[in-house]
Amino acid sequence: MGTFRTFAAAAAASAMLAAMPAPALAATPADIAQAENLRKLDIMLMVTSLRCRKGADDFQAEYNDFAAKRVAVMKAAYQTLKQGHARLGERGARREMDKISTGMANRYGLGHPWLQCDQLKAVTRDLADNGGEAELVLAAQHLLSPARPAQFAMVD
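Residues numbered from 1 in each chain as written. Predicted model: local features only at pLDDT ≥ 70, side-chain atom pairs only at ≥ 80, totals over all residues. Heavy atoms only, no water.

Overview of the layout of surface pockets
Cut-off, in case you're wondering: The way it works is a 1 Å grid over only the protein atoms, where trapped points that fit a 1.4 Å probe form a cavity and open points with protein on both sides within 12 Å along at least five of seven lines form a pocket, and then any residue with an atom within 4 Å of a point lines it. Grid points are joined across faces, edges and corners, and a volume is the space filled by probe spheres set on the points. Counting from the N terminus, the helices are DSSP H or I runs at least four residues long and the strands are E runs at least two residues long.
In this structure, the largest pocket occupies an estimated 200 Å³ of space. Lining the largest pocket are twelve residues, and of these Val-123, Asp-126, Leu-127, Glu-135 and Ala-139 sit closest to its centre. Among the elements of the structure, α6 (117-129) and α7 (133-143) are those that each provide at least two residues to the lining of the largest pocket. Considering each element in turn, the lining of the largest pocket owes the most residues, six residues, to α7.

Take a look at the structure:
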């Protein structure tokens with residue numbers, strides 16, 4: 001009977017451990033940088049959609065569709081980014097997140113440095129409908145660039 005009780009106790013302990021959620025893995029600096037770019041992409045699209053809303057190339061509907069379809073990726077990026085600032089405490093992390101958001105809003109308040117509203121509309125529609133997280137990460141790297149990357153050069 002002693003062996004059975006020992007086995008039963010071990011089985012119960014194993015079951016409890018299996019039922020417990022795994023601890024979140026610490027975000028690497030690369031994860032944090034990627035999450036920050038995704039957050040910045042989202043803010044850039046939101047701000048520029050607001051800026052373009054009065055013109056012929058209003059793309060708020062496209063942005064809203066993007067935000068709805070990509071909510072899981074953007075929430076995960078936000079959490080990773082916030083986790084990256086956890087060393088600052090809850091209040092400090094929130095302040096860092098606010099700085100990023102405000103900085104992006106100020107940066108794009110006057111428009112995108114090399115894309116016009118019609119181009120942003122097309123890009124936003126494409127990002128809403130195509131690709132996964134990896135494609136969003138790549139798009140963020142290109143679209144957040146202060147100057148037009150060579151592969152985006154317009155052909156006349």
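Having seen the structure, we can now continue with the description.
Some words on α7
Applied cut-off: Burial classes follow relative accessibility: with a 1.4 Å probe on protein chains only, a residue under 20% of its type's maximum area counts as buried, one over 50% as exposed, and anything between as partly exposed. Throughout, a residue-residue contact means that at least one pair of heavy atoms, one from each residue, lies within 4.5 Å.
For α7, every residue scored as buried is listed here: Leu-136, Val-137, Ala-139, Ala-140, His-142 and Leu-143. Taken together, the buried residues of α7 touch α2 (29-51), α3 (60-69), α4 (71-84), α5 (89-108) and α6.

What about the packing of α2 against α5?
Note the threshold: To obtain an axis, a line is fitted to C-alpha atoms, over the contacting stretch when the element is a helix, and the angle between two such axes runs from 0 to 180 degrees between their N-to-C directions. Oblique is the label for every angle not falling under 35 degrees (roughly parallel), over 145 degrees (roughly antiparallel), or within 65 to 115 degrees (roughly perpendicular). Note on convention: the crossing is left-handed when the near helix lies turned anticlockwise from the far helix by less than a right angle, right-handed when the turn is clockwise. For this classification, the nonpolar set comprises Ala, Val, Leu, Ile, Met, Phe, Trp, Tyr, Cys and Pro, the charged set comprises Asp, Glu, Lys and Arg, and every other residue, Gly included, is treated as polar.
In the contact formed by α2 and α5, the axes pass within 9 Å of each other and the chain directions differ by 45°. Classed by the angle they form, the pair α2 and α5 counts as oblique. Two packed elements cross with a definite hand, and for α2 against α5 that hand is right-handed. Together, Glu-36, Arg-39, Lys-40, Ile-43, Met-44, Val-47, Thr-48 and Arg-51 of α2 and Ile-100, Ser-101, Met-104, Ala-105 and Tyr-108 of α5 make up the contact between the two elements. Broken down by class, the residue content of the contact of α2 with α5 amounts to seven nonpolar, two polar and four charged.

With respect to the state of the cysteines
A covalent bond between the sulfur atoms of two cysteines is referred to as a disulfide. Quick note on the threshold: Two cysteine sulfur atoms make up a disulfide if the distance between them is within 2.5 Å.
Here the structure, examined in full by the defined rule, presents one disulfide. Residue pairing for Cys-52: its cysteine sulfur links by disulfide to Cys-117, the two sulfurs lying 1.9 Å apart. Torsion about the S-S bond of the Cys-52 and Cys-117 cystine: about -80°, corresponding to left-handed handedness. Of the two residues, Cys-52 is situated in the loop between α2 and α3 and Cys-117 in helix α6; the sequence distance between them amounts to 65 residues.

Here's the deal with the confidence of the model for the protein
The condition that has to hold: What pLDDT expresses is the predictor's confidence in each residue, scored from 0 to 100.
Mean pLDDT over the protein stands at 83; residues scoring 70 or higher make up 80%. A low-confidence stretch, residues 1-23 (pLDDT under 50), is modelled with zero contacts involving residues beyond four sequence positions or located in other chains.

Points about the nonpolar core
The nonpolar side chains of a soluble globular protein tend to be buried, and buried together. Rule in force here: As used in this record, nonpolar core signifies buried Ala, Val, Leu, Ile, Met, Phe, Trp, Tyr and Cys residues forming a set joined through side-chain atoms within 4.5 Å.
In this structure, Leu-41, Met-44, Phe-66, Leu-127, Leu-136 and Leu-143 are the most contacted members of the largest nonpolar core, which totals 31 residues. Secondary structure elements with two or more residues in this core: α2, α3, α4, α5, α6 and α7. Take this core: its biggest share by element is eight residues, from α2.

Details of the environment of Gly-103
Relative to the helices and strands, Gly-103 is located in helix α5. Sequence separation between Gly-103 and Lys-40 is 63 residues, and the spatial gap between their C-alpha atoms is 9.2 Å.

Let's talk about the environment of Ala-33
Here Ala-33 shows up in helix α2. Overall, the relative accessible area of 40% leaves Ala-33 in the partly exposed class.

What to know about the side chain of Asp-42
Put simply, the rule is: Working convention for charge: Lys and Arg count positive, Asp and Glu count negative, and His plus the chain ends are omitted. Should a side-chain nitrogen of Lys or Arg be within 4 Å of a carboxyl oxygen of Asp or Glu, the pair is scored as a salt bridge. Side-chain atoms alone can form a polar contact between residues adjacent in sequence; in general such a contact is a pair of N or O atoms within 3.5 Å, and within protein one must be able to donate a hydrogen while the other accepts it.
Looking at where Asp-42 falls in the secondary structure, it is placed in helix α2. Buried within the structure, Asp-42 lacks any salt-bridge partner; its nearest side chain of opposite charge belongs to Arg-39, at an N-O separation of 4.1 Å. There is a polar contact of 2.7 Å between the side chain of Asp-42 and the side chain of Tyr-63. Beyond its immediate chain neighbours, meaning those up to four positions away, Asp-42 contacts Tyr-63, Phe-66 and Met-74.

Looking at the pattern of salt bridges
Enumeration over the complete set of coordinates arrives at eight salt bridges. Put simply, Asp-129 and Lys-69 hold a salt bridge, and the shortest N to O gap is 2.6 Å. Of this pair, Asp-129 sits in helix α6 while Lys-69 sits in helix α3; the two residues are 60 residues apart in sequence, bridging distant segments of the chain. The network of salt bridges with shared partners includes Asp-65, Lys-69, Arg-125 and Asp-129.

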